Amino acid sequence: MGKLKSRLVGVFICTGLVLCLAGGQVFAEKVITLRLGHIFPLTHPVQKAAVAMAEYVKEKSNGKLTIDVYANGALGKGNALAENISFGTVDMGTAGPGLLMRLEPAWGLIAGEYVFKSVDCMFKVLNGPVGDEIKDRLIKKRGIRVIGIGYLGQRHLTCNKPIYKPEDLRGLKIRIPNIPLRRASFIALGASPTPMAFSEVYLALKQGVVDGQENPLAQIVAAKFYEVQKYLILTGHALNPEILLINEKKFESLPKEYQSILLEGAKVYEETTFNEYKRLKYEYLEKLLDEGMVIMKPDIEAFREAVKDVPYQFEKEWGEGLYDRILKAQEGCE
(Lines give C-alpha, C1' and ligand atoms only; values in the text may rest on other atoms or scores of the structure.)
Protein backbone atom coordinates (compact mmCIF):
# COMPACT_ATOMS: atom_id res chain seq x y z
CA MET A 1 0.00 0.00 0.00
CA GLY A 2 2.88 2.34 0.88
CA LYS A 3 4.56 1.72 -2.47
CA LEU A 4 1.29 2.31 -4.34
CA LYS A 5 0.75 5.59 -2.48
CA SER A 6 4.28 6.71 -3.33
CA ARG A 7 3.78 5.91 -6.99
CA LEU A 8 0.46 7.81 -7.06
CA VAL A 9 2.06 10.86 -5.44
CA GLY A 10 4.82 10.68 -8.05
CA VAL A 11 2.25 10.54 -10.83
CA PHE A 12 0.41 13.57 -9.43
CA ILE A 13 3.66 15.52 -9.12
CA CYS A 14 4.66 14.66 -12.69
CA THR A 15 1.20 15.51 -13.96
CA GLY A 16 1.31 18.88 -12.21
CA LEU A 17 4.76 19.56 -13.65
CA VAL A 18 3.57 18.74 -17.16
CA LEU A 19 0.58 21.07 -16.73
CA CYS A 20 2.85 23.85 -15.47
CA LEU A 21 5.21 23.36 -18.40
CA ALA A 22 2.27 23.25 -20.78
CA GLY A 23 0.91 26.45 -19.24
CA GLY A 24 4.30 28.11 -19.64
CA GLN A 25 4.46 27.00 -23.25
CA VAL A 26 0.98 28.37 -23.94
CA PHE A 27 2.03 31.73 -22.45
CA ALA A 28 5.21 31.79 -24.53
CA GLU A 29 3.22 31.13 -27.67
CA LYS A 30 0.71 33.90 -27.00
CA VAL A 31 1.01 36.61 -29.65
CA ILE A 32 1.57 40.13 -28.28
CA THR A 33 0.46 42.93 -30.60
CA LEU A 34 1.57 46.53 -30.15
CA ARG A 35 -0.11 49.49 -31.85
CA LEU A 36 2.23 52.16 -33.25
CA GLY A 37 0.98 55.50 -34.56
CA HIS A 38 2.53 58.41 -36.45
CA ILE A 39 1.18 61.57 -38.08
CA PHE A 40 2.68 61.14 -41.56
CA PRO A 41 1.13 59.85 -44.82
CA LEU A 42 1.69 56.34 -46.14
CA THR A 43 4.32 57.62 -48.59
CA HIS A 44 6.47 59.21 -45.87
CA PRO A 45 9.87 57.79 -44.80
CA VAL A 46 8.59 57.34 -41.23
CA GLN A 47 5.94 54.92 -42.50
CA LYS A 48 8.59 52.92 -44.34
CA ALA A 49 10.84 52.89 -41.27
CA ALA A 50 8.03 51.82 -38.94
CA VAL A 51 7.00 49.00 -41.29
CA ALA A 52 10.63 47.84 -41.61
CA MET A 53 10.87 47.69 -37.82
CA ALA A 54 7.58 45.79 -37.56
CA GLU A 55 8.76 43.23 -40.11
CA TYR A 56 12.05 42.76 -38.27
CA VAL A 57 10.35 42.30 -34.89
CA LYS A 58 7.85 39.81 -36.26
CA GLU A 59 10.57 37.73 -37.94
CA LYS A 60 12.90 37.73 -34.92
CA SER A 61 10.11 36.72 -32.55
CA ASN A 62 8.77 34.02 -34.88
CA GLY A 63 5.52 35.97 -35.13
CA LYS A 64 4.98 36.12 -31.36
CA LEU A 65 5.56 39.89 -31.14
CA THR A 66 3.86 42.01 -33.80
CA ILE A 67 3.47 45.74 -34.41
CA ASP A 68 0.48 47.21 -36.21
CA VAL A 69 1.42 50.56 -37.80
CA TYR A 70 -1.17 53.35 -38.10
CA ALA A 71 -0.36 56.37 -40.30
CA ASN A 72 -2.02 59.78 -40.86
CA GLY A 73 -2.65 60.47 -37.18
CA ALA A 74 -5.12 57.59 -36.85
CA LEU A 75 -4.08 57.06 -33.20
CA GLY A 76 -3.77 60.76 -32.41
CA LYS A 77 -2.75 63.92 -34.24
CA GLY A 78 -0.17 66.43 -33.11
CA ASN A 79 0.52 66.35 -29.39
CA ALA A 80 -2.47 64.04 -28.80
CA LEU A 81 -0.48 61.02 -29.98
CA ALA A 82 2.31 61.50 -27.42
CA GLU A 83 -0.29 62.08 -24.71
CA ASN A 84 -2.08 58.87 -25.70
CA ILE A 85 1.21 56.98 -25.34
CA SER A 86 1.65 58.55 -21.91
CA PHE A 87 -1.86 57.47 -20.88
CA GLY A 88 -1.26 53.97 -22.25
CA THR A 89 -4.17 54.07 -24.70
CA VAL A 90 -1.58 53.77 -27.49
CA ASP A 91 1.45 51.50 -27.10
CA MET A 92 3.99 53.15 -29.39
CA GLY A 93 4.47 56.11 -31.70
CA THR A 94 6.81 58.72 -33.09
CA ALA A 95 7.08 62.44 -32.38
CA GLY A 96 9.38 65.34 -33.12
CA PRO A 97 10.95 67.34 -30.27
CA GLY A 98 8.57 70.23 -30.95
CA LEU A 99 5.66 68.02 -29.90
CA LEU A 100 7.46 66.32 -27.02
CA MET A 101 8.31 69.69 -25.46
CA ARG A 102 4.70 69.93 -24.29
CA LEU A 103 5.31 66.85 -22.15
CA GLU A 104 8.90 67.68 -21.17
CA PRO A 105 10.15 71.24 -21.94
CA ALA A 106 13.79 70.16 -22.45
CA TRP A 107 12.83 68.67 -25.82
CA GLY A 108 12.04 72.21 -26.95
CA LEU A 109 15.74 72.99 -26.69
CA ILE A 110 16.53 70.03 -28.95
CA ALA A 111 14.23 71.65 -31.52
CA GLY A 112 16.05 74.99 -31.22
CA GLU A 113 17.69 77.04 -33.96
CA TYR A 114 21.40 76.29 -34.48
CA VAL A 115 21.63 74.55 -31.08
CA PHE A 116 23.74 71.85 -32.74
CA LYS A 117 26.75 72.31 -34.98
CA SER A 118 25.82 69.31 -37.14
CA VAL A 119 23.71 66.17 -37.29
CA ASP A 120 26.59 64.12 -35.85
CA CYS A 121 26.87 66.56 -32.96
CA MET A 122 23.16 66.29 -32.24
CA PHE A 123 23.32 62.51 -32.03
CA LYS A 124 26.47 62.68 -29.91
CA VAL A 125 24.49 64.74 -27.40
CA LEU A 126 21.26 62.71 -27.59
CA ASN A 127 23.13 59.42 -27.15
CA GLY A 128 25.31 60.77 -24.36
CA PRO A 129 24.78 61.68 -20.68
CA VAL A 130 22.82 64.88 -21.40
CA GLY A 131 20.51 63.08 -23.79
CA ASP A 132 20.02 60.25 -21.30
CA GLU A 133 18.98 62.79 -18.67
CA ILE A 134 16.37 64.31 -20.99
CA LYS A 135 15.06 60.86 -21.90
CA ASP A 136 14.85 59.90 -18.21
CA ARG A 137 12.75 62.98 -17.50
CA LEU A 138 10.21 61.73 -20.01
CA ILE A 139 10.05 58.34 -18.29
CA LYS A 140 9.72 59.74 -14.78
CA LYS A 141 7.27 62.55 -15.59
CA ARG A 142 5.19 61.01 -18.35
CA GLY A 143 5.80 57.28 -18.37
CA ILE A 144 7.20 57.33 -21.92
CA ARG A 145 10.43 55.58 -22.93
CA VAL A 146 12.55 56.68 -25.90
CA ILE A 147 13.78 53.55 -27.69
CA GLY A 148 15.06 55.08 -30.94
CA ILE A 149 15.77 58.35 -32.70
CA GLY A 150 15.32 58.64 -36.46
CA TYR A 151 16.21 61.58 -38.66
CA LEU A 152 14.13 63.55 -41.18
CA GLY A 153 16.61 66.23 -42.22
CA GLN A 154 17.16 69.94 -41.67
CA ARG A 155 14.53 72.64 -41.64
CA HIS A 156 14.82 75.32 -44.33
CA LEU A 157 13.07 78.55 -45.23
CA THR A 158 10.91 79.20 -48.27
CA CYS A 159 9.87 82.69 -49.30
CA ASN A 160 8.85 84.79 -52.29
CA LYS A 161 11.93 87.00 -52.06
CA PRO A 162 15.63 86.09 -51.81
CA ILE A 163 17.03 85.89 -48.28
CA TYR A 164 20.79 86.21 -47.90
CA LYS A 165 21.13 87.44 -44.33
CA PRO A 166 18.89 87.95 -41.29
CA GLU A 167 18.20 91.57 -42.19
CA ASP A 168 16.38 90.38 -45.31
CA LEU A 169 13.71 88.83 -43.08
CA ARG A 170 12.83 92.12 -41.44
CA GLY A 171 9.06 92.57 -41.36
CA LEU A 172 8.27 89.32 -43.18
CA LYS A 173 5.56 87.07 -41.77
CA ILE A 174 7.01 83.57 -41.47
CA ARG A 175 4.79 80.66 -40.52
CA ILE A 176 6.23 78.54 -37.73
CA PRO A 177 4.86 75.72 -35.55
CA ASN A 178 3.78 76.85 -32.10
CA ILE A 179 7.18 76.46 -30.42
CA PRO A 180 8.12 79.38 -28.11
CA LEU A 181 11.87 79.04 -28.71
CA ARG A 182 11.37 79.08 -32.48
CA ARG A 183 9.17 82.15 -32.19
CA ALA A 184 11.81 83.96 -30.12
CA SER A 185 14.52 82.93 -32.59
CA PHE A 186 12.68 84.31 -35.60
CA ILE A 187 12.02 87.54 -33.74
CA ALA A 188 15.77 87.73 -33.13
CA LEU A 189 16.26 87.22 -36.88
CA GLY A 190 14.03 90.22 -37.56
CA ALA A 191 11.00 88.33 -38.88
CA SER A 192 7.40 88.38 -37.71
CA PRO A 193 6.82 84.72 -36.74
CA THR A 194 3.24 83.51 -37.19
CA PRO A 195 2.25 80.22 -35.49
CA MET A 196 -0.20 78.25 -37.62
CA ALA A 197 -1.37 74.67 -38.12
CA PHE A 198 0.50 72.91 -40.93
CA SER A 199 -2.76 72.14 -42.73
CA GLU A 200 -3.44 75.87 -43.11
CA VAL A 201 -0.05 76.91 -44.47
CA TYR A 202 -0.56 76.34 -48.22
CA LEU A 203 -3.65 78.56 -48.41
CA ALA A 204 -2.05 81.18 -46.17
CA LEU A 205 0.96 81.36 -48.53
CA LYS A 206 -1.26 81.49 -51.58
CA GLN A 207 -3.38 84.31 -50.18
CA GLY A 208 -0.38 86.24 -48.85
CA VAL A 209 -1.43 85.91 -45.21
CA VAL A 210 2.17 84.87 -44.55
CA ASP A 211 5.24 85.55 -46.68
CA GLY A 212 7.14 82.34 -46.02
CA GLN A 213 7.45 79.20 -43.94
CA GLU A 214 10.07 76.73 -42.69
CA ASN A 215 10.09 72.92 -42.89
CA PRO A 216 12.21 69.93 -43.92
CA LEU A 217 12.44 69.16 -47.65
CA ALA A 218 10.07 66.19 -47.36
CA GLN A 219 7.26 68.38 -46.03
CA ILE A 220 7.96 71.17 -48.52
CA VAL A 221 7.59 68.75 -51.41
CA ALA A 222 4.65 66.82 -49.95
CA ALA A 223 2.68 70.02 -49.32
CA LYS A 224 3.53 71.41 -52.80
CA PHE A 225 4.76 74.69 -51.35
CA TYR A 226 6.71 75.12 -54.60
CA GLU A 227 3.40 76.15 -56.18
CA VAL A 228 3.16 79.23 -53.94
CA GLN A 229 6.82 79.98 -53.08
CA LYS A 230 9.67 81.07 -55.34
CA TYR A 231 12.79 80.68 -53.19
CA LEU A 232 14.15 77.81 -51.12
CA ILE A 233 16.71 79.20 -48.69
CA LEU A 234 18.97 76.48 -47.26
CA THR A 235 19.22 77.88 -43.75
CA GLY A 236 19.33 74.45 -42.06
CA HIS A 237 18.35 76.35 -38.94
CA ALA A 238 17.01 73.33 -37.02
CA LEU A 239 17.41 69.57 -37.17
CA ASN A 240 14.48 67.19 -37.31
CA PRO A 241 14.93 64.01 -35.28
CA GLU A 242 11.83 61.79 -35.21
CA ILE A 243 11.74 60.05 -31.86
CA LEU A 244 10.44 56.50 -31.40
CA LEU A 245 8.44 56.08 -28.18
CA ILE A 246 6.76 53.36 -26.14
CA ASN A 247 4.62 53.47 -23.03
CA GLU A 248 6.93 52.58 -20.13
CA LYS A 249 4.50 50.21 -18.40
CA LYS A 250 3.89 48.38 -21.66
CA PHE A 251 7.63 48.04 -22.26
CA GLU A 252 8.25 46.72 -18.74
CA SER A 253 5.40 44.22 -19.14
CA LEU A 254 7.11 42.54 -22.10
CA PRO A 255 9.29 39.46 -21.56
CA LYS A 256 12.98 40.39 -21.53
CA GLU A 257 13.64 38.63 -24.85
CA TYR A 258 10.86 40.67 -26.47
CA GLN A 259 12.31 43.89 -25.03
CA SER A 260 15.64 43.02 -26.64
CA ILE A 261 14.02 42.28 -29.99
CA LEU A 262 12.08 45.55 -29.84
CA LEU A 263 15.26 47.53 -29.14
CA GLU A 264 16.93 45.80 -32.08
CA GLY A 265 13.91 46.75 -34.19
CA ALA A 266 14.33 50.36 -33.07
CA LYS A 267 17.81 50.31 -34.65
CA VAL A 268 16.19 49.20 -37.91
CA TYR A 269 13.81 52.16 -37.62
CA GLU A 270 16.72 54.56 -37.10
CA GLU A 271 18.78 53.19 -39.99
CA THR A 272 15.81 53.23 -42.36
CA THR A 273 15.03 56.90 -41.68
CA PHE A 274 18.68 57.82 -42.31
CA ASN A 275 18.86 55.79 -45.50
CA GLU A 276 15.59 57.28 -46.76
CA TYR A 277 16.77 60.81 -45.99
CA LYS A 278 20.04 60.25 -47.87
CA ARG A 279 18.21 58.64 -50.80
CA LEU A 280 15.52 61.29 -51.10
CA LYS A 281 17.43 64.49 -50.27
CA TYR A 282 18.68 65.13 -53.78
CA GLU A 283 15.48 63.86 -55.35
CA TYR A 284 13.62 66.50 -53.36
CA LEU A 285 16.03 69.24 -54.45
CA GLU A 286 15.75 68.18 -58.10
CA LYS A 287 11.98 68.15 -57.80
CA LEU A 288 11.93 71.69 -56.42
CA LEU A 289 14.26 72.89 -59.19
CA ASP A 290 12.09 71.22 -61.82
CA GLU A 291 9.07 72.98 -60.35
CA GLY A 292 10.77 76.35 -60.82
CA MET A 293 12.07 77.16 -57.36
CA VAL A 294 15.33 79.06 -56.97
CA ILE A 295 17.59 77.36 -54.43
CA MET A 296 20.00 79.59 -52.57
CA LYS A 297 22.43 79.33 -49.67
CA PRO A 298 22.45 82.27 -47.23
CA ASP A 299 25.08 83.51 -44.77
CA ILE A 300 24.68 80.69 -42.23
CA GLU A 301 27.11 82.18 -39.71
CA ALA A 302 25.15 85.44 -39.63
CA PHE A 303 21.97 83.50 -38.90
CA ARG A 304 23.70 81.41 -36.23
CA GLU A 305 25.17 84.48 -34.54
CA ALA A 306 21.79 86.24 -34.43
CA VAL A 307 20.11 83.50 -32.37
CA LYS A 308 22.95 82.06 -30.27
CA ASP A 309 21.78 83.62 -26.99
CA VAL A 310 18.03 83.09 -27.45
CA PRO A 311 17.84 79.73 -25.57
CA TYR A 312 18.94 81.45 -22.36
CA GLN A 313 15.54 83.18 -22.30
CA PHE A 314 13.90 79.84 -21.53
CA GLU A 315 16.26 78.34 -18.96
CA LYS A 316 13.57 78.29 -16.26
CA GLU A 317 11.59 75.87 -18.42
CA TRP A 318 14.24 73.20 -19.04
CA GLY A 319 16.72 73.91 -16.27
CA GLU A 320 19.55 76.35 -15.79
CA GLY A 321 22.78 75.21 -17.38
CA LEU A 322 21.26 72.64 -19.74
CA TYR A 323 21.98 74.71 -22.86
CA ASP A 324 25.60 75.25 -21.78
CA ARG A 325 25.98 71.51 -21.15
CA ILE A 326 24.66 70.75 -24.64
CA LEU A 327 27.15 73.21 -26.13
CA LYS A 328 30.00 71.74 -24.08
CA ALA A 329 29.05 68.18 -25.10
CA GLN A 330 29.66 69.19 -28.71
CA GLU A 331 33.28 70.17 -28.15
CA GLY A 332 35.50 68.35 -30.61
CA CYS A 333 32.52 67.47 -32.77
CA GLU A 334 31.99 68.88 -36.26
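Check the entry above for the structure.
Residues numbered from 1 in each chain as written. Predicted model: local features only at pLDDT ≥ 70, side-chain atom pairs only at ≥ 80, totals over all residues. Heavy atoms only, no water.

Q: Explain the overall build of the chain to me, using residue names and the numbers behind them.
A: The number of helices and strands found in the chain is 15 helices and nine strands. Seen through its principal axes, the chain has C-alpha atoms that stretch 100 × 45 × 35 Å. Out of the 334 residues in the chain, the part that is buried amounts to 51%. Within the chain, contacts between residues separated by at least 24 positions form 76% of all contacts whose residues are at least 6 apart in sequence. Summed over its atoms, the accessible surface of the chain is roughly 16200 Å², and 55% of this surface lies on carbon and sulfur atoms. For the chain, the distance from the average position of its 44 positive side-chain charges to the average position of its 40 negative side-chain charges is 6 Å. (Helix = DSSP H or I, 4+ residues; strand = E, 2+ residues; numbered from the N terminus. Buried < 20%, exposed > 50% of the residue type's maximum accessible area, 1.4 Å probe, protein only. Contact = heavy atoms within 4.5 Å. Areas by Shrake-Rupley, 256 points an atom, 1.4 Å probe, with all protein chains shown as cover. Lys, Arg positive; Asp, Glu negative; His and termini not counted. Charge placed at Lys NZ, Arg CZ, Asp CG, Glu CD.)

Q: Talk me through the packing of aromatic side chains; I want residue IDs and the actual numbers.
A: Working definition: an aromatic ring pair is given by the centre-to-centre distance plus the angle between the planes. Applying the stated criterion across every chain, the model contains seven aromatic pairs. A ring pair is formed by Phe-123 and Phe-274, whose centres lie 5.3 Å apart and whose planes are at 55°; its orientation type is tilted. Of the two residues, Phe-123 is situated in helix α6 (residues 119-126) and Phe-274 in helix α12 (residues 256-290); the sequence distance between them amounts to 151 residues. Here Phe-314 and Trp-318 contribute two aromatic rings whose centre-to-centre distance is 6.0 Å and whose plane-to-plane angle is 40°, an arrangement assigned as tilted. Take Phe-314 and Trp-318: they sit in the same class, and that class is buried. The ring centre of Tyr-70 lies 5.9 Å from the NZ or CZ of Arg-35, which sits over that ring. (Phe/Tyr/Trp six-rings, centres within 6.5 Å; stacked < 30°, edge-to-face > 60°. Lys NZ or Arg CZ within 6 Å of the ring centre and 35° of its normal.)

Q: Before we move on, could you go through the nonpolar core and cite the residues and values that matter?
A: Judged by nonpolar contacts, the single largest core of 55 residues is most densely connected at Leu-100, Trp-107, Leu-169, Leu-245 and Ile-326. In this structure, Leu-34, Ala-50, Met-92 and Leu-262 belong to the second largest nonpolar core, which totals 20 residues. (Core = buried A, V, L, I, M, F, W, Y, C linked by side-chain atoms within 4.5 Å.)

Q: If you had to explain the environment of Gly-93 to someone new, which residues and values would you point to?
A: Examined against the element boundaries, Gly-93 turns out to sit in strand β3 (residues 92-95). Given the relative accessible area of 0%, Gly-93 is considered buried. The spacing of Gly-93 and Met-53 is 40 residues in sequence and 12 Å in space, taken between C-alpha atoms.

Q: Break down the packing of helix α7 (residues 129-142) against helix α15 (residues 322-329) for me, citing the residues and quoting the values.
A: Running from N to C, α7 and α15 cross one another at 140°; their axes reach a closest spacing of 10 Å. By the angle between their axes, α7 is oblique relative to α15. For the pair α7 and α15, contact is made by Val-130, Glu-133, Ile-134 and Arg-137 and by Leu-322, Arg-325 and Ile-326, respectively. Along the lines of polarity and charge, the residues of the contact of α7 with α15 split into four nonpolar, no polar and three charged. (Axes fitted to C-alpha atoms, helices over the stretch in contact; angles between N-to-C directions. Parallel < 35°, antiparallel > 145°, perpendicular 65-115°, else oblique. Nonpolar A, V, L, I, M, F, W, Y, C, P; charged D, E, K, R; others polar.)

Q: Would you mind going over unusual backbone geometry in detail, with residue names and values included?
A: Unusually for a residue other than glycine, Asn-62 sits at a positive phi of about 55°. Positionally, Asn-62 belongs in the loop between α2 (45-60) and β2 (65-70). Using a relative accessible area of 62% as the deciding quantity, one classes Asn-62 as exposed. Notably, Tyr-114 is not glycine yet its phi reads approximately 55°, a positive angle. Residue Tyr-114 is classed as buried on the basis of its relative accessible area of 8%.

Q: Quick rundown of α15? Include the residues and the values.
A: Every buried residue belonging to α15 is among Leu-322, Tyr-323 and Ile-326, and all of these are buried. The arc that holds every buried residue of α15, seen down its axis, measures 105°, which confines them to one face. Elements in contact with the buried residues of α15: α5 (106-110), α6, α7 and α14 (315-318). (Arc of directions from axis to C-beta.)

Q: Which residues make up the layout of surface pockets, and what values do they have?
A: Here the largest pocket defines a volume of roughly 1100 Å³. What lines the largest pocket is a set of 40 residues, among which Ile-39, Phe-40, Phe-198, Asn-215 and Gln-219 lie closest to the centre. Contributing elements (two or more residues each) for the lining of the largest pocket: α4 (97-100), β4 (144-159), α10 (217-222), β8 (231-247) and α12. Looking at side-chain class alone, the lining of the largest pocket contains 22 nonpolar, twelve polar and six charged residues. Residue lining of the second largest pocket: 23 residues in total, with Gln-154, His-156, Leu-234, Thr-235 and Gly-236 positioned closest to the centre. Those elements that provide at least two residues to the lining of the second largest pocket are β4, β8, α12 and α13 (300-307). (1 Å grid on protein atoms, 1.4 Å probe; cavity = no way out; pocket = protein on both sides within 12 Å on 5 of 7 lines; lining within 4 Å. Points joined across faces, edges and corners; volume = space filled by probe spheres on them.)

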